[in-house]
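The lines below spell out each chain.
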Amino acid sequence: MNWTFLKHEFLLTYRNKKNIPFVVFLCIALLSYCFLFVPNEVTQETFHVDEVKSKLTELEAEQEYRLAKGNTGIILFSGMPVFAMNAYSYGMFSAMLAAYEDGNATRWLHLRANHLEGDSSDYIRDEKLFKDSPFPGKDREHLYKQTMLRYETYLAKEHPITFGMIEEKTGLQALQKFFQQYGMYFVLFCAIYFSSDLLSRDRPNKSVLQGLPLSWYRQLNLKTLSSFFYTHAVVGIVLLLGVLLLAFQYGFGYFDLKIPTILIKDEFPREHYDVMTIASFLGEIAIIIPILVYLFIRLNVVFSLIFKNEWLVLVISSLLLFSEKIYLTRTSRELFGIDISFFPQTYFDFGNVITGEKNFLLNTTTMDFTRGILVLLITVVVMEGILFVLSRIINKRRFYSNG
């Protein structure tokens, strides 16, 4: 009977008229992401061919002018050897342009890394970079160090270097970046959406369901499992298709490719950069996703018992999902006088917790994988207790009543 009811609930979710348009939207969003967003994504390391050619033309004209005027020495006012610096820049960017047009990613990366090692101004002095950040200088230096560390691991030649790898557009790299940006919110919103009507959809058929030889609490558990499996199935298929579509364009990538991490420690936080493999990162993500998905589905069951309205459940759960965005700032370390690392919403964007990015952004030392798992598991236990008690108060008969 348990398996029959579980299968019945899964098929109800699968055929739900509310869910079908959302799945179609996910497919459209996936195609847009893979064929529009990723190919046109511009980062600090995007190589703009036209801009480089224009810069080379300007440098060439300036050098000819200085040579004609004899201005090839050091400028007395500034003490800068402008002619020599221009000559270096012209040679460097000419070589980079040739390597890029020849498709020689290894040579291009050697040149770019060498240029950045001697001149960090592309990051440190670029006022357009992190212009809205309260700590732009700190963030620019952080991104510069991450970029140099990433290039260092690529140049170790553990794998063939491609432009897709350099731009972090291979299938696995895009998946890793996705979970460091908004991937967790995407997964959790899917769980919220698919489970928002787990109970309310039964109210028109209450006379049939009330006669099932299953306890009310067991029905709630089986409904939870059906939504849990359906959410993982949909999300898993969408993410797998995304990885494959990007793999056809830029390559699949490598599970043992290194990505930068940062450890903040000591009373006055100091930064210690390190690396971890994409496999380790995705492995930790795979551990946390089932916990968070289960937590939000159980939360939806609680709200459904109380409000009996799927749209109200959807709105309230979504607000909780994004609640951290309402109060969190770069100086937020406590909530109601308690360290934020003890609140479950702190770990909804778990990708940044794994890499240490969240500790860096908030200039704290308290968030890590172990504490995140512990806090979320305790939250699940508390939610289970609430649901168990509530299911006794709002029993089957009371829930299906018209009141």
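Refer to the structure above for everything that follows.
Computed from a predicted structure; not experimentally measured.

S.K.: Explain the overall build of the protein here, please?
M.R.: Each helix and strand counted, the protein has 19 helices and four strands in total. For the protein, whose C-alpha radius of gyration is 27 Å, the value lies well above the compact-globule estimate of 22 Å for 403 residues. Once the C-alpha set of the protein is aligned to its principal axes, its extents read approximately 95 × 45 × 35 Å. For the protein, with 403 residues in total, the buried portion stands at 48%. The contacts of the protein with a sequence gap of at least 6 include a subset with a gap of at least 24, amounting to 73%. Charge centroids of the protein, computed over 39 positive and 39 negative side chains, lie 13 Å from each other.

S.K.: What am I meant to see in the nonpolar core here?
M.R.: Note that soluble globular proteins tend to have their nonpolar side chains buried in a common cluster. Core analysis: the biggest nonpolar cluster contains 101 residues, and Trp108, Phe179, Phe186, Ile288 and Leu305 have the highest contact counts within it. Examining the composition of this core, we find that 17 residues originate from one element, helix 13 (residues 278-307), more than from any other.

S.K.: Just checking my understanding: could you explain a nonpolar patch on the surface for this structure?
M.R.: The grouping of Ile237, Leu240, Leu241, Leu244, Phe248, Phe252 and Phe255 at the surface amounts to a nonpolar patch, some 730 Å² of accessible area in total. In this structure, Leu241 sits in helix 12 (residues 216-250).

S.K.: Looking at this structure, how should I read the pattern of salt bridges?
M.R.: Pairs can form between side chains of opposite charge whenever their charged atoms are close. Taken as a whole, this structure holds 15 salt bridges when the rule is applied. The salt bridge partner of Lys169 is Glu167, with a shortest N-O separation of 3.5 Å. Overall, Lys169 belongs to the buried group, its relative accessible area being 6%. Looking at Glu167, the relative accessible area reads 24%, which means it is partly exposed. Notably, a salt bridge pairs Lys358 with Glu324, separated by 2.8 Å at the nearest N-O pair. On the criterion of sequence distance, the pair formed by Lys358 in helix 17 (residues 357-362) and Glu324 in helix 15 (residues 323-327) is long-range, its members being 34 residues apart. The class of Lys358 is buried, set by a relative accessible area of 4%. A cluster of three or more residues bridged by salt bridges with shared partners is formed by Glu9, Arg201 and Lys223.

S.K.: How do you make sense of unusual backbone geometry when you look at a structure like this?
M.R.: A positive phi is found at Phe130, a non-glycine position, where the angle reads about 60°. Here Phe130 falls in the partly exposed class, since its relative accessible area comes to 32%. Its identity as a non-glycine residue notwithstanding, Phe336 has a phi of 55°, on the positive side. Inspection of the secondary structure assignment puts Phe336 in the loop between strand 3 (334-335) and strand 4 (338-339).

S.K.: Explain the packing of aromatic side chains here, please?
M.R.: All chains considered together, the criterion is met by 29 aromatic pairs. A centroid spacing of 5.6 Å and a plane angle of 80° characterise the contact between Phe22 and Phe194, whose relative ring orientation is edge-to-face. Of this pair, Phe22 sits in helix 2 (residues 19-40) while Phe194 sits in helix 10 (residues 183-195), placing them 172 residues apart in sequence. For Phe22, a relative accessible area of 11% puts it in the buried group. Above the face of the Tyr217 ring, Arg392 is positioned so that its terminal group lies 5.7 Å from the ring centre.

The rules behind each value
- Residues numbered from 1 in each chain as written.
- Predicted model: local features only at pLDDT ≥ 70, side-chain atom pairs only at ≥ 80, totals over all residues.
- Heavy atoms only, no water.
- Helix = DSSP H or I, 4+ residues; strand = E, 2+ residues; numbered from the N terminus.
- Rg over C-alpha atoms; globule rule 2.2 N^0.38 Å.
- Buried < 20%, exposed > 50% of the residue type's maximum accessible area, 1.4 Å probe, protein only.
- Contact = heavy atoms within 4.5 Å.
- Lys, Arg positive; Asp, Glu negative; His and termini not counted.
- Charge placed at Lys NZ, Arg CZ, Asp CG, Glu CD.
- Core = buried A, V, L, I, M, F, W, Y, C linked by side-chain atoms within 4.5 Å.
- Patch = residues over 30% accessible without salt bridge, like charges linked within 9 Å, V, L, I, M, F, W, Y side chains within 5 Å.
- Areas by Shrake-Rupley, 256 points an atom, 1.4 Å probe, with all protein chains shown as cover.
- Salt bridge = Lys/Arg side-chain N within 4 Å of Asp/Glu carboxyl O.
- Phe/Tyr/Trp six-rings, centres within 6.5 Å; stacked < 30°, edge-to-face > 60°.
- Lys NZ or Arg CZ within 6 Å of the ring centre and 35° of its normal.

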